[in-house]
Amino acid sequence: MFTHKNDILLTPIEYLKGVGPHRGEVLRKELEIHTFGDLLTHYPFRYMDRSSFVKVNSIPEDGAYVQIIGKITFSEIVGTGRGRRLVATFKDETGMLELVWFQGISWMEKVVANGGLFLVYGKAVRFNGYWSMTHPDMDKLESLSLDQFPNFQPVYSSTEKLKAKSLAGRNYVKLVQTLFSQLSQKDIIENLPSDIITQHQLMPRYEAFVQIHFPSDQILLQKAVHRLKFEELFVHQIGICKLKLNQKFIHGYRFTKVGDIFNQFYSTYLPFELTDDQKTVLREIRQDTQTGAQMNRLLQGDVGSGKTIVALLCMLLTIDNGFQACMMAPTEILAQQHYVGIKELLKDMPIHIEYLTGNIKGKARKEVLKQLANGDIQILIGTHALIEDPVVFNNLGLSIIDEQHRFGVAQRAKLWKKNALPPHVLVMTATPIPRTLAMTSYGDLDVSVIKNLPPGRKPISTIHRNEIHRAKVMDFIRHEIDQGRQAYIVYPLIQESEKMDYENLTAGYEQVKQFFHAHTYNICMVHGKMPQDEKEQNMNAFIKGNAHIMVATTVIEVGVNVPNASVMLIESAERFGLSQLHQLRGRVGRGADKSYCILLTSSKITSNGKERMMTMVNETSGFAIAEKDLELRGPGEIDGTRQSGALDLHIADIVKDVNLMELTRNVAITLLKQDPDLMMDSNRNLKEFLLTRKDKEVWSRIS
Ligand code: ADP
Ligand code: MG
């Protein structure tokens, strides 16, 4: 009964009455319409509102589309060459409108030659004191009565070739009408389970297709669009969630207990009370690691929200259960900082913790590798060097990746192969991933969130200034330094032109030195191309409070913690992404003092640039900023979107329809929990549908 259901929609388009082989070829090439089904899902991009009429004397000035009934009283061809055009005089009882055609002149000339009553539709503009309309949509009224016009007439995207083959405008609409005359309700089978239709008040599928092409009114049109978006997002989420549920069956180590090490640290050495969010995340991780399946969890928490301590507690839990743990950071400086910080926290506990990066060589490296392989080392901290092949663990139970966005999926996968069973994976990111992406690119990870910062943080004032105010800004920084504070000055680093970035940085450094008379203020510089020891030396000077100002590239973007720093000045701030600006801003506001983030831009900033700066000034939540970034830059610019398949959406919009995506995700999860392989009768049509889709491999691979 199901096998034939879509046959008619799979019919090659040339078999539709009025198409044939030649026009079929054009439809295939121009619009990728191969079948009846493709024609059905090629939706109008707008509608002509034919529900109301205006008089010539009440045409609105705003250039909206209008519909007018009147008489053509005169027509002639004027001009030559490119200026050759057909001009007709159109009148109603209130005034006169000029109609103009530059194309299809000979055909139109015949239509208007004898004058008569017409319905015209188009955009009127004022021209030399009277109204004029170019290439209006025309209907002669003797042959048609008014109620023959649908209220909303669909308009489809078109091309020159389609026009040349009479496959545009009205002619195209006729094809769609022909298609519907051959289809009946049973050809367009409802693919969503009826419970879902009822619960979410969705328009039935057949009706939605009819209404999106030929809407009866605005409300039904909206319902149709909603239904089709729902279907699209739901089907998309069913695929992702199925993948995620399958992962639950990847075996992982079972951490059965919370032991002495964890408990001793928690009760004796934990320097502060955990926030509620931190406790919740710990509970989630504890639960994950008891199930017998591998944990794949993403921990999102704004800059400074306290992810490190959560990571540390998880590592202690791992050790309690007899396994090793490792933690990777994207840069040496950050790895070093984690190592030093964690070593300090654990200094009174009998835990063997080591550090490994690409720069640890020779004997020292050999020793680390040896102790790692025999299980002596319990915690290893480092850069991605620690997932390279020669690094062999004895029994790696947990790996933590700090700052996810610098680690590719391939690197994550490498980790899984470190043991017979894959270690649990906790990915931490301070670049909040917009909700949409969390549901698409990272949709296979479980997500934990630390929403609130630890208590006692002072809000950071963010200020946007341009070049002209540089001197004042510098004075302000000097004032802060004289109060005993420290400041960062950051220059953009754009990899395509490292040389130029470097020049900007050094020029800036010289300028800052001049301003602050190097003899009374200490200024240090850090950038990625600097030799490692020099970099560390300079960084340490700032961390220890020996330097007042640090001039840097985005090297300092992640992780660096200097509570005494109260000013972050960002040069050419318009060249940074919003999330990056937010990261940089998070370097200050870590101590007890009021902190400032100053965004310095050129005075010739674009309006988009201005809006971005205002977002930073007004928004403090990294999540809100990430959402705005997505909206302003578009999904293609944000890491990970391209692979997510979210850009293949046909009718739904990854940014605008995020709420609907979230809803459909929940609906998909509920459904799959109830019926993982869609075996229930009520889900049979859905399964059939998934299996007949063009991208059916997705479903058949995972089911
Ligand atoms: P991030 O999430 O950006 O990695 P960190 O883990 O570096 O943040 O934490 C930022 C700062 O907040 C650190 O100095 C840390 O000691 C402190 N911190 C973390 N959790 C708490 C807490 N519950 N109460 C007080 N301070 C905390
Ligand atoms: Mg951190």
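Sequence order sets the numbering: in each chain, residues are counted from 1 along the sequence as written. Here chains are named by letter from A upward and ligands by number from 1 upward, in the order in which they appear as written. For this predicted model, a pLDDT threshold of at least 70 governs which residues receive local features, and a threshold of 80 or more governs which side-chain atom pairs are given and counted, while totals over whole chains, interfaces and linings are taken from all residues. As a rule here, side-chain values come from all non-hydrogen atoms in the structure, and water together with hydrogens is ignored.

Observations regarding the overall build of the chain
Reasoning step 1: Broken down by element type, the chain carries 26 helices and 21 strands.
Reasoning step 2: Note on exposure labels: buried denotes an accessible area under 20% of the residue type's maximum, exposed denotes more than 50%, and partly exposed covers the range between, all computed with a 1.4 Å probe on protein chains only. Across the 703 residues in the chain, those meeting the buried criterion constitute 51%.
Reasoning step 3: Contacts are residue-level and defined by heavy atoms, with any inter-residue pair within 4.5 Å sufficient. Taking the contacts inside the chain whose residues are at least 6 apart along the sequence as the reference set, 73% of them involve residues at least 24 apart. Put simply, DSSP H or I for four residues or longer makes a helix, DSSP E for two residues or longer makes a strand, and each gets a number counted from the N terminus.

Points about the site of ligand 1
Reasoning step 1: Around ligand 1 sit 16 residues, and of these Glu273, Gly304, Lys307, Thr308 and Arg457 come closest.
Reasoning step 2: Under the rule applied, a polar contact is a pair of N or O atoms within 3.5 Å (in protein, one hydrogen donor and one hydrogen acceptor; residues adjacent in sequence only if both atoms are side-chain atoms). In the model, an oxygen atom of ligand 1 is placed 2.6 Å from a nitrogen or oxygen of the threonine 308 side chain.
Reasoning step 3: For the area figures, the Shrake-Rupley method with a 1.4 Å probe applies, and any residue is considered shielded solely by the protein chains shown. Out of a free accessible area of 560 Å², ligand 1 has 77% covered by protein chains.
Reasoning step 4: For the shell around ligand 1, the per-class residue count stands at four nonpolar, seven polar and five charged. Residues are counted as near a molecule or strand when any one of their heavy atoms sits within 4 Å of it. Any residue outside Ala, Val, Leu, Ile, Met, Phe, Trp, Tyr, Cys, Pro, Asp, Glu, Lys and Arg is labelled polar, Gly included; the first ten of those are nonpolar and the last four are charged.

Re the environment of methionine 550
Reasoning step 1: Structurally, methionine 550 is set in strand E19 (residues 549–552).
Reasoning step 2: Between the alpha carbons of methionine 550 and cysteine 524 there is a distance of 5.0 Å; along the sequence they are 26 residues apart.

Some thoughts on the sheet that holds strand E15 (residues 446–450)
Reasoning step 1: The rule for pairing is simple: two strands pair if DSSP sees at least two bridges between them. Ordered in space as E11-E12-E10-E13-E14-E9-E15, the seven strands form an open sheet in which the pairing is parallel. Edge positions in the sheet fall to strand E11 (353–356) and E15, since each of these pairs with one other strand and no more. Averaged over all neighbouring strand pairs, the angle between strand axes comes to 20°, with direction disregarded.
Reasoning step 2: Running over the sheet, helix H12 (residues 307–320) touches strand E9 (296–301), strand E10 (324–328), strand E12 (379–382), strand E13 (396–402), strand E14 (424–429) and E15 and is turned about 155° from E10.
Reasoning step 3: Helix-sheet contacts for helix H13 (residues 332–345) involve E10, E11, E12 and E13, and the interaxial angle to E11 is about 170°. For helices, the fitted line uses only the C-alpha atoms of the stretch in contact; every axis is such a line through C-alpha atoms, and the angle between N-to-C directions lies from 0 to 180 degrees.

Some words on the sheet that holds strand E18 (residues 523–526)
Reasoning step 1: In spatial order, the strands read E16-E21-E20-E17-E19-E18; together these six strands make up an open sheet with parallel pairing. On the outer flanks of this sheet lie strand E16 (460–466) and E18, each paired with one strand and no other. Averaged over all pairs of adjacent strands, the angle between strand axes in this sheet comes to 20°, irrespective of strand direction.
Reasoning step 2: Pairing geometry for strand E17 (residues 486–490) and strand E20 (residues 565–570), over five bridges, is parallel. When the bridges of E20 are listed, isoleucine 489 appears paired with leucine 569.
Reasoning step 3: Sheet strands touched by helix H17 (residues 470–482): E16, E17, E19, E20 and strand E21 (595–601). Its angle to E20, the strand with the most contacts, is close to 165°.

Things to note about H13
Reasoning step 1: Its 14 residues give H13 an end-to-end C-alpha distance of 20 Å, which sits within 8% of 20 Å, the value for a rise of 1.5 Å per residue.
Reasoning step 2: When H13 is considered as a whole, its buried residues turn out to be Glu332, Ile333, Leu334, Ala335, His338, Tyr339 and Ile342.
Reasoning step 3: Here the buried face of H13 lies against H12, E10, E11, E12, E13 and helix H19 (532–543). Helix span, as expected, comes to 1.5 Å for every residue beyond the first.

With respect to the pairing of strand E3 (residues 85–92)
Reasoning step 1: With respect to burial, E3 is a largely interior element, six of its eight residues being buried.
Reasoning step 2: Across seven bridges, the pairing between strand E2 (residues 65–78) and E3 is antiparallel. Across the sheet, residue lysine 71 finds its bridge partner in E3, namely lysine 91.
Reasoning step 3: Taking the residues between adjacent antiparallel strands as the criterion, E2 and E3 are bridged by six residues, where glycine 79 takes a positive phi near 75°.
Reasoning step 4: Looking at chain direction, E3 and strand E4 (residues 95–101) are connected through seven bridges and run antiparallel. From the neighbouring strand, threonine 89 faces E4, where its bridge partner is glutamate 98.
Reasoning step 5: Linking E3 back to E4 in an antiparallel pair, the connection comprises two residues.

Here's the deal with the side chain of aspartate 657
Reasoning step 1: Residue position: aspartate 657 is located in the loop between helix H23 (641–644) and helix H24 (658–674).
Reasoning step 2: With residues near it in sequence (within four places) discarded, aspartate 657 still touches Lys229, Leu233 and Ala652.

What to know about the confidence of the model for the chain
Reasoning step 1: pLDDT gives the predictor's per-residue confidence on a scale running from 0 to 100. Averaged over every residue, the pLDDT of the chain is 86; residues scoring 70 or more account for 88%.
Reasoning step 2: Residue range residues 637–646 is modelled with pLDDT below 50. Its contacts to residues more than four positions away, or to other chains, number 22 contacts.

Structural notes on the packing of helix H11 (residues 276–288) against H12
Reasoning step 1: Relative orientation of the contacting elements H11 and H12 amounts to 30°, with a least axis distance of 10 Å. The crossing of H11 and H12 is right-handed. Between H11, through Gln278, Val281, Leu282, Ile285 and Arg286, and H12, the contact on the second element is made entirely by Ile309, Val310, Leu313, Cys314 and Leu317.
Reasoning step 2: Taken together, the residues of the contact of H11 with H12 sort by class into eight nonpolar, one polar and one charged. Handedness of a crossing follows from how the near helix is turned relative to the far one, being left-handed for an anticlockwise turn of less than a right angle and right-handed for a clockwise one.

Some remarks on the side chain of arginine 286
Reasoning step 1: If you trace the backbone, arginine 286 turns up in helix H11.
Reasoning step 2: Aspartate 320 is the oppositely charged side chain nearest to the buried, salt-bridge-free arginine 286, at an N-O distance of 9.0 Å.
Reasoning step 3: In this structure the side chain of arginine 286 is engaged in a polar contact, spanning 3.2 Å, whose partner is the backbone oxygen of phenylalanine 255.
Reasoning step 4: In contact with arginine 286, other than residues within four places in its own chain, are Phe255, Thr256, Lys257, Val258 and Leu317. Residues counted as positive are Lys and Arg, residues counted as negative are Asp and Glu, and His and the chain ends are not counted. Counted as salt bridges are all cases of a side-chain nitrogen of Lys or Arg within 4 Å of a carboxyl oxygen of Asp or Glu.

Observations regarding H11
Reasoning step 1: End to end, H11 covers 19 Å across 13 residues, agreeing with the expected 18 Å (1.5 Å per residue, within 8%).
Reasoning step 2: Here H11 has its buried residues at Asp277, Gln278, Val281, Leu282, Ile285, Arg286 and Asp288.
Reasoning step 3: Those residues of H11 that are buried are in contact with E9, H12, E14 and E15.

Section: the environment of alanine 624
Reasoning step 1: With respect to the helices and strands, the residue alanine 624 is situated in helix H22 (residues 622–633).
Reasoning step 2: According to the relative accessible area criterion, alanine 624 is partly exposed, its value standing at 26%.
Reasoning step 3: Residues alanine 624 and serine 579, 45 residues apart in the sequence, show an inter-C-alpha distance of 9.9 Å.

Observations concerning the environment of alanine 471
Reasoning step 1: Relative to the elements of secondary structure, alanine 471 occurs in helix H17.
Reasoning step 2: The exposure class assigned to alanine 471 is partly exposed, which follows from its relative accessible area of 43%.

Some remarks on the pairing of strand E6 (residues 130–134)
Here is the key point about a regular strand: its side chains alternate between the two faces of the sheet.
Reasoning step 1: Alignment of E4 against E6, held across four bridges, turns out to be parallel. Bridge pairing in E6 places leucine 97 opposite tryptophan 131.
Reasoning step 2: Pairing analysis gives four bridges linking strand E5 (residues 116–127) to E6, with the strands arranged antiparallel. Opposite valine 125, over in E6, you have serine 132 as the bridge partner.

Examining the packing of helix H20 (residues 578–585) against helix H21 (residues 607–618)
Reasoning step 1: The contact between H20 and H21 brings their axes to 11 Å, and the two run at 35°. H20 and H21 meet at a crossing whose hand is right-handed. For the pair H20 and H21, the contacting residues are Leu578, Leu581, His582 and Arg585 in the first and Arg612, Met613, Thr615 and Met616 in the second.
Reasoning step 2: Residues that form the contact of H20 with H21 fall into these classes: four nonpolar, two polar and two charged.

Structural notes on the pattern of salt bridges
Reasoning step 1: Counted under the stated rule, the structure contains 25 salt bridges.
Reasoning step 2: Salt-bridge contacts for lysine 29 lead to glutamate 25; the nearest nitrogen and oxygen are separated by 3.4 Å. Here glutamate 25 and lysine 29 lie together in helix H2 (residues 20–31), a separation of four residues that amounts to about one turn.
Reasoning step 3: Here arginine 227 ties to glutamate 190 by a salt bridge, and the two come within 2.7 Å at their closest N and O atoms. Residue arginine 227 is found in helix H9 (residues 218–247), and its partner glutamate 190 is found in the loop between helix H6 (169–182) and helix H7 (194–199); the two are separated by 37 residues along the sequence.

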